[in-house]
Amino acid sequence: VNNGSLDIGDSAVSTANSVLFGGPGAPAMIINSGFVDIGGASGTSGNSLTISNASLNCDTLNVGGAGTNRINNTLVFNGGTITAGFVKVRPTNTFVFTAGTLSAGGMDTDPGANNSNVFVVGDGTSAAYYDMAAGGTGYHVFGSPGLVVTNGASLRGSGTLTGTLTVLGTFVPGFSNSVGSI
């Protein structure tokens, strides 16, 4: 439990840091009412966070911190739960979402994020859920080229989507038997 900032890669002289939350066995739980930054300081690169069988709850999740020269940082989400008021994926940084539940009050993927590829929810075989949750900006922006929800994955909740959307899985306006609009 932390009430400040959790930075993976907080110095330009300390690059390529790798952190794993969860894994086999009992699930890990990380609660941070502040920021989680993968590549937090100027000049940081090659930092990674892998979440497997874990629960991460934070106000803001940044893949590539604000400012310049925060490049090639990666978040790999293989299962569990991420709950964030806001998620930001900056250019030259990558968010790989294969399985689990991502619940975000708002999200912004800059053009050039994910190697200029679409933001993909799921791997086509594992269950994956992108929940547009209440409490954030309500805007979910997927810069060019857009968002793809794969087979076995779901887009749920309420909010505003910006960008090209392809749904090969399930599209559920609202959540938990409530009416919603997207």
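Residues numbered from 1 in each chain as written. Predicted model: local features only at pLDDT ≥ 70, side-chain atom pairs only at ≥ 80, totals over all residues. Heavy atoms only, no water.

To continue, consider the overall build of the chain. In terms of helices and strands, the chain carries zero helices and 18 strands. Here the chain has a C-alpha radius of gyration of 15 Å; the compact-globule value for 182 residues is 16 Å, and the two agree. Judged by the C-alpha coordinates and their principal axes, the chain covers about 50 × 35 × 30 Å. Expressed as a percentage of its 182 residues, the buried residues of the chain come to 46%. A fraction of 62% describes how many contacts in the chain between residues 6 or more apart in sequence connect residues 24 or more apart. (Helix = DSSP H or I, 4+ residues; strand = E, 2+ residues; numbered from the N terminus. Rg over C-alpha atoms; globule rule 2.2 N^0.38 Å. Buried < 20%, exposed > 50% of the residue type's maximum accessible area, 1.4 Å probe, protein only. Contact = heavy atoms within 4.5 Å.)

A few words now on empty space enclosed by the protein. Enumeration over the complete set of coordinates arrives at one cavity of 30 Å³ or more. Computed from the structure, the largest cavity encloses a volume of approximately 50 Å³. Lining the largest cavity are 13 residues, with Thr109, Asp110, Ala113, Asn117 and Gly143 positioned closest to its centre. (1 Å grid on protein atoms, 1.4 Å probe; cavity = no way out; pocket = protein on both sides within 12 Å on 5 of 7 lines; lining within 4 Å. Points joined across faces, edges and corners; volume = space filled by probe spheres on them.)

Scanning the entire structure with this criterion turns up three salt bridges. Among the salt bridges present, the one from Asp110 reaches Lys88, with a minimum N-O distance of 2.9 Å. Here Asp110, found in the loop between β10 (107-109) and β11 (119-121), pairs with Lys88, found in strand β7 (residues 80-89); they are 22 residues apart in sequence, far enough to count as distant. For Asp110, a relative accessible area of 18% gives the class buried. Assessed through its relative accessible area of 12%, Lys88 is described here as buried. As a salt-bridge pair, Arg156 and Asp131 come within 2.6 Å of each other at their nearest N and O atoms. Here Asp131 lies in strand β12 (residues 128-132) and Arg156 lies in strand β15 (residues 153-157), a separation of 25 residues in the sequence. For the pair Arg156 and Asp131, a shared accessibility class is recorded, and that class is buried. (Salt bridge = Lys/Arg side-chain N within 4 Å of Asp/Glu carboxyl O.)

What follows deals with the nonpolar core. Membership of the largest hydrophobic core comes to 34 residues, with the highest contact counts inside it found for Leu61, Phe95, Leu102 and Tyr130. Looking at this core, the element that brings in the most residues is strand β5 (residues 54-63), giving five residues. The residues touching Leu102, leaving out its near neighbours within four places in the chain, are Phe77, Ile82, Val87, Phe95, Phe97, Met107, Phe119, Tyr129, Tyr130 and Asp131. (Core = buried A, V, L, I, M, F, W, Y, C linked by side-chain atoms within 4.5 Å.)

What follows concerns the packing of aromatic side chains. Counted by the stated rule, this structure contains six aromatic pairs. Centre to centre, the rings of Phe119 and Phe142 are 5.6 Å apart; their planes meet at 40°, and the pair counts as tilted. Placement of Phe119 in strand β11 and of Phe142 in strand β13 (residues 139-142) is noted, with a sequence separation of 23 residues between them. Judged on exposure class, the residue Phe119 and its partner Phe142 are both buried. Here a set of aromatic residues connected by ring pairs shows up, and it is made of Phe77, Phe95, Phe97, Phe119, Tyr130 and Phe142. (Phe/Tyr/Trp six-rings, centres within 6.5 Å; stacked < 30°, edge-to-face > 60°.)

Purely geometric stuff here, so don't read any function into it on its own.
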